[in-house]
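# Structure assessment
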Amino acid sequence: MSGISMGERCRTSSTPVDNGTVAAYSFEKIKSLGCGTFGRVHLVRQVGGSDAGKLFAQKETDKIALVANALARETIMKERLALERVRGLPFISTLHYAFETESALNLVLEYASGGDFYSIWMDYESLPEPRVQFYMAELVLALEQLHTRDVIHGDIKLENLLMDSAGHILLTDFGYSKIVLKDQPMKLGGTCEYMAPEVVKNTPGQGFASDWWSVGVVAYELLVGTSPFRPEDGSDRCPQKIYKNIVTKEPDFPWTLSARAKAFIKALLVKDPGMRLGARGTDDIKAHPFFEGVVWDHVMRKACLVPIVPTIRHELDVSNFDEEVTSMAVTEPLLVQSGWKGIRMFPRYTYPSATVTTPEPTSPSRPAEMIRHMTSSTKRALAARVVERAKRLKLNAIRYPCSSVTERVISSPVHDDVVVMENVVDVTAPLETRFSPLGEKEVIDAVLVEGAWV
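Below, the structure is looked at part by part. All values derive from a computational prediction rather than experimental measurement. (Residues numbered from 1 in each chain as written. Predicted model: local features only at pLDDT ≥ 70, side-chain atom pairs only at ≥ 80, totals over all residues. Heavy atoms only, no water.)

## Observations regarding the pattern of salt bridges
Any two side chains of opposite charge can pair, on the condition that their charged atoms come close. Inclusion rule: The term salt bridge refers to a side-chain nitrogen of Lys or Arg lying within 4 Å of a carboxyl oxygen of Asp or Glu. Only DSSP runs of H or I reaching four residues or more are called helices, and only runs of E reaching two or more are called strands; each is numbered from the N terminus. Only protein chains enter the accessibility calculation, which uses a 1.4 Å probe; a residue is then buried when its area is under 20% of its type maximum, exposed when over 50%, and partly exposed in between.
Throughout the structure, instances matching the rule amount to 16 salt bridges. As a salt-bridge pair, Lys29 and Glu60 come within 2.8 Å of each other at their nearest N and O atoms. Of this pair, Lys29 sits in strand β2 (residues 26-35) while Glu60 sits in strand β4 (residues 55-62), and the two are 31 residues apart along the sequence. Residues Lys29 and Glu60 agree in their burial class; the two are buried. Between Asp297 and Arg301 there is a salt bridge; the shortest N-O distance is 3.0 Å. Given the relative accessible area of 47%, Asp297 is considered partly exposed. Via salt bridges that share partners, Lys59, Glu79 and Asp173 belong to a single interconnected network.

The structure is reproduced here in structure tokens:
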């Protein structure tokens, strides 16, 4: 891949809210590395400060989507706190900075130029057992360190395992993480193909053992080349079929898989979390025959020969990431407008932490309050994003709430638990006519209430 032209770069335009804290650092956006429901991950270079010139991965979460979604606000804070708790541990992506701007929350993390294991898996389809043993050993040590600090990752999957420039793993994305509190019931989430049975059924037993189930799924994928609970018809777009298989089905193993690899995966994919390998701690996992010959101290010190050294042609080479994502234009999040300028909505988000000496403004709690401070262009952009998302989910309608409308729940043949109102907006209609019978405020209310999936 050739060098990146200046036309592909973008200096962060949103100014930090609190110029007296670490949020004053500025970052030059170079390329997109990933995208998700609430924002994007960019390759950035720090401009100024003690780390001037250094490359990082900046996870940028759109604040507009968070304002209308209490669960998302809670999740984003838990991720930030978990990253601080595990900061500096081997095999875990290091948090360097966290700061708030007018438009976004930003996590500045260690950059892993080797890409993610999903891309590696797609290139190789399956890996030889010695290679998988190496990566599983590093992942076991990463989770051991997390769990001893009372952190459950909650979303172990190939996409969340990165490879650094030397070929070692980095565990990232703590969006579903939980910090374990004594005597507090645990309710986990995650990605459907990797969820443990107790998480799918929301039954007791959710905890550290749920992470080990996900490790079993990852090991199966790397060794076999497919997901252990994918429906027999090959469909991976129906979560209900996958959930049913997770709860009721045992995975099939090819004859080419060794007995010890098969036993390792089976022990991790035990339905009962109390009987699962790892339920009593990592000593049982380390002693499993699958890891025969592993010198764990050498693994921890990264003294072992890595099986794959990623090809990195130059400092800004992003060819190890998904080309569909890296080819996207670098953009800025929708800006919170007018009276919202300068408001700290998440005062505890900054890292390194700074002392706040002035009272924090109260953050508006209702979407309608935010609408009054938006420009028309921002409203139109939000509406277009919601409609696009609805089409991708194959929804026939989106919610159109207002005080005079009674909420009702209907079943949908294409998406479970779709909540609609008695007034609906047809997402298949032309954009210029879709909202014409409705007032602007009602339309944007609908957009913001749908913030959970914007």
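## A look at the nonpolar core
Note the cut-off: Nine residue types can take part in a nonpolar core, namely buried Ala, Val, Leu, Ile, Met, Phe, Trp, Tyr and Cys, and a core is a set of them joined through side-chain atoms within 4.5 Å. Should any heavy atoms of two residues lie within 4.5 Å, those residues are considered in contact.
Grouped together as the largest cluster of nonpolar side chains are 79 residues, with contacts concentrated most on Met136, Phe264, Ile265 and Phe291. With eleven residues, helix α4 (residues 129-148) is the single largest residue contributor to this core. Not counting the four nearest positions on each side in its chain, Ile265 is found in contact with Gly216, Ala219, Tyr220, Leu223, Phe253 and Leu257. Of all hydrophobic cores here, the second largest spans nine residues; its members include Leu33, Tyr111, Leu316 and Phe321.

## Overview of helix α6 (residues 208-224)
This is how the line gets drawn: One fewer than the residue count of a helix, multiplied by 1.5 Å, yields its expected span.
With 17 residues, α6 extends 25 Å from end C-alpha to end C-alpha; this agrees with the ideal 24 Å at 1.5 Å per step. With 15 of 17 residues buried, α6 lies mostly within the body of the structure.

## With respect to the packing of aromatic side chains
Here is the rule: We call Phe, Tyr and Trp rings a pair once their centres come within 6.5 Å, taking the six-membered ring for Trp, and we label the pair stacked below 30 degrees between planes, edge-to-face above 60, and tilted otherwise. By definition, being over a ring means that NZ of Lys or CZ of Arg is both within 6 Å of the ring centre and within 35 degrees of the ring normal.
All told, the structure shown has 14 aromatic pairs when counted by the stated rule. Aromatic pair Phe27 and Phe99: ring centres 5.8 Å apart, planes at 10°, arrangement stacked. Highlighted residues: Phe27 in strand β2 and Phe99 in strand β5 (residues 95-100), separated in sequence by 72 residues. For the pair Tyr220 and Phe253, a centre-to-centre distance of 5.6 Å together with 65° between the ring planes defines the contact as edge-to-face. With a gap of 33 residues between them, Tyr220 in helix α6 and Phe253 in the loop between α7 (239-248) and α8 (259-268) connect regions that are remote in the sequence. A relative accessible area of 4% means that Tyr220 is categorised as buried. Take Phe253: its relative accessible area is 18%, and that puts it in the buried class. Connected via pairs of aromatic rings, a cluster forms that spans Phe27, Phe56, Tyr97 and Phe99. Sitting over the ring of Trp296, Lys286 keeps its end group 5.6 Å from the ring centre.

## Looking at the environment of Lys182
Examined against the element boundaries, Lys182 turns out to sit in the loop between β10 (178-179) and α5 (197-201). Residue classification places Lys182 among the exposed positions, given a relative accessible area of 77%.

## Examining the packing of α4 against α6
The criterion, for reference: In this analysis an axis means a line fitted to C-alpha atoms, helices contributing only their contacting stretch, and an angle means the value between N-to-C directions, from 0 to 180 degrees. For classification purposes, an angle smaller than 35 degrees is called roughly parallel, one larger than 145 roughly antiparallel, one from 65 to 115 roughly perpendicular, and anything else oblique. In a left-handed crossing the near helix is turned counterclockwise from the far helix by less than a right angle, and in a right-handed crossing that turn is clockwise. Side-chain classes follow a simple rule in which Ala, Val, Leu, Ile, Met, Phe, Trp, Tyr, Cys and Pro form the nonpolar group, Asp, Glu, Lys and Arg form the charged group, and the remainder, Gly included, forms the polar group.
It is at 11 Å that the axes of α4 and α6 come closest, and there the two elements cross at 165°. The angle between α4 and α6 places the two elements in the roughly antiparallel class. The hand of the α4/α6 crossing is right-handed. Contacts between α4 and α6 involve Glu129, Val132, Met136, Leu139, Val140, Leu143 and His147 from the former and Phe208, Asp211, Trp212, Val215, Val218, Ala219, Leu222 and Leu223 from the latter. The class makeup of the residues in the contact of α4 with α6 is twelve nonpolar, one polar and two charged.

## Structural notes on the pairing of β2
Heads up, the rule is: Here, strands pair whenever DSSP counts at least two bridges between them.
The buried fraction of β2 is high, at eight of ten residues. The sheet contact formed by β2 and strand β3 (residues 39-47) spans eight bridges and is antiparallel. From the neighbouring strand, Ser32 faces β3, where its bridge partner is His42.

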